[in-house]
Amino acid sequence: MLRFKLGMKDLKERTFNAAGFSFLVYSLASISLSICLVNIKKELNFSLTEAGLFGMLCAIEQTAVLFISPVFAAKFGKIRVLRTSLLLLTLGLICFSLSVSFLTALLSALCMGLGVANMEALLTPIVTDLYPGDSGSKMNKLHAFWPLGSCTGLAGFGWLLSVGISWRFLYAGLAVFAVCICLSYPSSKKVPLPPSDGSFKAFKKVFALPPFWLFALSLFFAGGAEGAFAFWSATLIQLYLKASAFYAGLVTACFSIGMALGRFLSSRILKKVSLPKMIIICSLAAFAVSLLFIFINSLITLTVFLFIMGTCLACLWPTIQSFAAVILPVDPTALMIFLSCFGVPGYSTASFIMGIIGDRYSLFTAFITVVPAFLILIPVFFAAACKISLINRHCR
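Residues numbered from 1 in each chain as written. Predicted model: local features only at pLDDT ≥ 70, side-chain atom pairs only at ≥ 80, totals over all residues. Heavy atoms only, no water.

**Points about the overall build of the protein**
Assigned secondary structure in the protein consists of 15 helices and 0 strands. In summary, the protein has a C-alpha radius of gyration of 20 Å against a globular reference of 21 Å for 396 residues, a match within 12%. For the protein, the spread of C-alpha atoms along the three principal axes comes to 60 × 45 × 35 Å. Within the protein, the proportion of its 396 residues that are buried is 57%. Carbon and sulfur atoms make up 72% of the accessible area of the protein, which amounts to about 15900 Å² in all. Side chains of the protein carry 29 positive and 12 negative charges; the gap between the two charge centres is 8 Å. (Helix = DSSP H or I, 4+ residues; strand = E, 2+ residues; numbered from the N terminus. Rg over C-alpha atoms; globule rule 2.2 N^0.38 Å. Buried < 20%, exposed > 50% of the residue type's maximum accessible area, 1.4 Å probe, protein only. Areas by Shrake-Rupley, 256 points an atom, 1.4 Å probe, with all protein chains shown as cover. Lys, Arg positive; Asp, Glu negative; His and termini not counted. Charge placed at Lys NZ, Arg CZ, Asp CG, Glu CD.)

**A short note on the packing of helix α3 (residues 78-97) against helix α7 (residues 167-184)**
Following both chains from N to C, one finds α3 and α7 inclined at 165 degrees, their axes separated by 8 Å at the closest point. Here α7 runs roughly antiparallel to α3, going by the angle between their axes. Two packed elements cross with a definite hand, and for α3 against α7 that hand is left-handed. Here Arg83, Leu86, Leu87, Leu89, Thr90, Leu93, Ile94, Phe96 and Ser97 of α3 lie close against α7, whose contacting residues are Trp167, Arg168, Tyr171, Ala172, Leu174, Ala175, Ala178, Val179, Ile181 and Cys182. For the contact of α3 with α7, the per-class residue count stands at 15 nonpolar, 2 polar and 2 charged. (Axes fitted to C-alpha atoms, helices over the stretch in contact; angles between N-to-C directions. Parallel < 35°, antiparallel > 145°, perpendicular 65-115°, else oblique. Left-handed = near helix turned anticlockwise from the far one by under 90°. Contact = heavy atoms within 4.5 Å. Nonpolar A, V, L, I, M, F, W, Y, C, P; charged D, E, K, R; others polar.)

**So, the side chain of Ser283**
When you line up the elements, Ser283 lands in helix α11 (residues 275-290). The class of Ser283 is buried, set by a relative accessible area of 0%. Within the structure, Ser283 has its side chain in polar contact with the backbone oxygen of Ile280 (distance 3.0 Å). (Polar contact = N/O pair within 3.5 Å; in protein donor to acceptor, adjacent residues only side chain to side chain.)

**Regarding the environment of Val371**
Along the chain, Val371 turns up in helix α15 (residues 363-395). Sequence spacing of Val371 and Gly224 is 147 residues, and the spatial spacing of their C-alpha atoms is 7.8 Å. In this structure, Val371 is in contact with Ala228, Phe229, Ser290 and Ala366, ignoring residues within four places of it in sequence.

**Observations regarding empty space enclosed by the protein**
Under the defined criterion, the tally for this structure stands at 2 cavities of 30 Å³ or more. Of the voids in this model, the largest cavity is the one considered here, and its volume is about 540 Å³. Within the residue set of the lining of the largest cavity, elements represented by two or more residues are α1 (2-44), α2 (48-76), α3, α4 (102-130), α9 (210-240) and α14 (332-360). In terms of residues, the lining of the largest cavity owes the most to one element, α1, which gives 7 residues. Of the residues that constitute the lining of the largest cavity, the class distribution is 20 nonpolar, 8 polar and 3 charged. Each pocket or cavity is described by its volume, and for the second largest cavity that value is around 40 Å³. Ile31, Trp146, Pro147, Ser150, Leu154, Glu226, Ala230, Phe255, Ser256 and Met259 are the residues that line the second largest cavity. Among the elements of the structure, α6 (145-162), α9 and α10 (245-269) are those that each provide at least two residues to the lining of the second largest cavity. Considering each element in turn, the lining of the second largest cavity owes the most residues, 4 residues, to α6. (1 Å grid on protein atoms, 1.4 Å probe; cavity = no way out; pocket = protein on both sides within 12 Å on 5 of 7 lines; lining within 4 Å. Points joined across faces, edges and corners; volume = space filled by probe spheres on them.)

**Observations concerning the nonpolar core**
Generally speaking, soluble globular proteins have nonpolar side chains that are buried together. With 140 residues, the main nonpolar core has Phe212 and Phe215 as its most contacted residues. Aside from chain neighbours lying at most four places away, what touches Phe215 is Ile320, Phe323, Ala324, Ile327, Leu328, Leu339, Phe382, Ala385, Cys386 and Ser389. (Core = buried A, V, L, I, M, F, W, Y, C linked by side-chain atoms within 4.5 Å.)

**Thoughts on unusual backbone geometry**
Phi angles above zero are rare outside glycine, and Lys242 is one such case at about 55 degrees. In this structure, Lys242 sits in the loop between α9 and α10.

**Side note on the environment of Leu275**
Tracing the chain through its elements places Leu275 in helix α11. Judged by its relative accessible area of 11%, Leu275 falls in the buried class.

**Quick notes on the pattern of salt bridges**
Throughout the structure, instances matching the rule amount to 3 salt bridges. A salt bridge links Lys78 to Asp129; its shortest N-O distance comes to 2.5 Å. Taken as a pair, Lys78 in helix α3 and Asp129 in helix α4 lie far apart in primary sequence, 51 residues in all. The two residues Lys78 and Asp129 agree in class, both being buried. (Salt bridge = Lys/Arg side-chain N within 4 Å of Asp/Glu carboxyl O.)

**Remarks on α6**
Compared with an ideal rise of 1.5 Å per residue, which puts 18 residues at 26 Å, α6 spans 25 Å between its outermost C-alpha atoms and is within 8% of the ideal. For α6, every residue scored as buried is listed here: Phe145, Trp146, Pro147, Gly149, Ser150, Cys151, Gly153, Leu154, Phe157, Gly158 and Leu161. Backbone geometry just downstream of α6 places Gly164 in the positive-phi region, at approximately 100 degrees. (Expected span 1.5 Å × (residues − 1).)

**Things to note about the packing of aromatic side chains**
This model, assessed by the stated rule, comprises 29 aromatic pairs. Between Phe212 and Trp213, the aromatic rings sit 5.3 Å apart at their centres with planes inclined by 75 degrees, giving edge-to-face as the arrangement. With a centroid separation of 5.9 Å and an interplanar angle of 50 degrees, the aromatic rings of Phe229 and Phe305 are classed as tilted. Of this pair, Phe229 sits in helix α9 while Phe305 sits in helix α12 (residues 299-313), placing them 76 residues apart in sequence. Since its relative accessible area comes to 1%, Phe229 is described here as buried. Residue class for Phe305 comes out buried when judged on its relative accessible area of 6%. One aromatic cluster is present, built from ring pairs that chain together Phe67, Phe207, Phe212, Trp213, Phe338 and Phe342. (Phe/Tyr/Trp six-rings, centres within 6.5 Å; stacked < 30°, edge-to-face > 60°.)

This is the structure:
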């Protein structure tokens, strides 16, 4: 019996680690466009607006897949779906590395989107299944792999591009990494995860709750604020501060280092501080810091700014999801997936709006207008969701 328990613990850890590395490669694939954008833009000839549209179309596709991913999870199991998703990501990465035009690059990215959409949907709830009753500690630890991937990708890819390595080889290398992660998952038969409710009744129950829509809107704006810095910072540095791809990657990596540090710290702090208090404090701090962007005039000041902003934003996405799963009486898998249906388009909507403002005015203008507007709305919608949830609980 003891050996069985130890074996199950090892399988849980292996599954958790594979999920973490899945987040890592998902992050690397997403951030690679940011650091490679100037090179790709020159080679494939497209504008900043088209670059923003690129992300927007992929987000629309991902959102559509997210809505049906609970059905896949219920029918085939989370681990099997995640493995298939990694193979789709691999195919998309290979095709993207061979792209010769904006259209072929877009089609390849849409193939990648099919893979990462299911990863976005299932990586968060799989932690809830592995560690039921988690305070948010494991969730923040898992989500720390995202900024870790962004950080290593920005610094590593930036350096490789600066020494003359083609962006095409970077995408081919990511494809190999994705296959390796796919093979690292244990068999779904060996890891007994609770079944997901993929019925229409379960979905309807989630959508019928008014607090869900408010939590979803807070996640939409949290995703948008995060996406603004993750997608456009490296481009801003190269176009307006006239730095090389290497320095652009290095400076933007400070945002990801701040996020990784913030999430690791959050996993400890949340053992002592309540989830709602953490979200309100961090979102208001991020808003206050965003107002200082107008004073940015060098790589050093931008580096410090991005690190602090990353630390402030770090806990928002995973902690909003964790708290919603605790307080709302619905299937947690369906709930987290549908919350992500708002976070993902939020991430890309901000990028798209900023691309339009960047073409008409400047990316600097986009940063000082779009980001504060998104950030101030996070605590507004979150606080409203908490209040309605508590009223509903007392009524029951």
